[in-house]
Amino acid sequence: MQKCTQPTRLVDVAAELNLPIGVVRVLVGDLHAQQLVQVELPPPAPDAKVLLEVISGLKAL
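Residues numbered from 1 in each chain as written. Predicted model: local features only at pLDDT ≥ 70, side-chain atom pairs only at ≥ 80, totals over all residues. Heavy atoms only, no water.

**Looking at the pattern of salt bridges**
Logical step 1: Tallied over the full model, the rule gives one salt bridge.
Logical step 2: A salt bridge links aspartate 12 to arginine 9; the nearest nitrogen and oxygen atoms lie 3.1 Å apart.
Logical step 3: What makes aspartate 12 partly exposed here is its relative accessible area of 34%.
Logical step 4: For arginine 9, a relative accessible area of 56% translates into the label exposed. (Salt bridge = Lys/Arg side-chain N within 4 Å of Asp/Glu carboxyl O. Buried < 20%, exposed > 50% of the residue type's maximum accessible area, 1.4 Å probe, protein only.)

Written as structure tokens, this is what we have:
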């Protein structure tokens, strides 16, 4: 059965399999090491300056 035919977040895989996220990370890491799955890293988080500007803007509302 193929569940992840498109990019899928690990938390969604864990929820679907009803397994803790830590277990899924280890399993996917092992599968990746054997080149059985592809892993894409998430985009980088915004820097702190942007987050502080968003917080300031929300406070101004």
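Still more to cover.
**Observations concerning helix H2 (residues 21-33)**
Since there are 3.6 residues in each turn of an α-helix, residues three or four apart along the chain are aligned in direction.
Logical step 1: End to end, H2 covers 18 Å across 13 residues, agreeing with the expected 18 Å (1.5 Å per residue, within 8%).
Logical step 2: Within two residues after H2, glutamine 35 carries a phi angle of roughly 55°, on the positive side. (Helix = DSSP H or I, 4+ residues; strand = E, 2+ residues; numbered from the N terminus. Expected span 1.5 Å × (residues − 1).)

**Describing unusual backbone geometry**
Logical step 1: At asparagine 18, a residue that is not glycine, the phi angle is positive and equals roughly 55°.
Logical step 2: One can find asparagine 18 in the loop between helix H1 (10-17) and H2.
Logical step 3: Although it is not a glycine, glutamine 35 sits at a positive phi angle of roughly 55°.
Logical step 4: Within the element layout of this structure, glutamine 35 appears in the loop between H2 and helix H3 (48-60).

**Overview of the packing of H1 against H2**
Logical step 1: Contact geometry of H1 with H2 gives a least axis separation of 9 Å together with a crossing angle of 110°. Relative to H2, the element H1 is oriented roughly perpendicular. For the element pair H1 and H2, the recorded crossing hand is right-handed. Contacts between H1 and H2 pair Leu10, Val11, Val13 and Ala14 from the former with Ile21, Val24, Arg25 and Val28 from the latter. (Axes fitted to C-alpha atoms, helices over the stretch in contact; angles between N-to-C directions. Parallel < 35°, antiparallel > 145°, perpendicular 65-115°, else oblique. Left-handed = near helix turned anticlockwise from the far one by under 90°. Contact = heavy atoms within 4.5 Å.)

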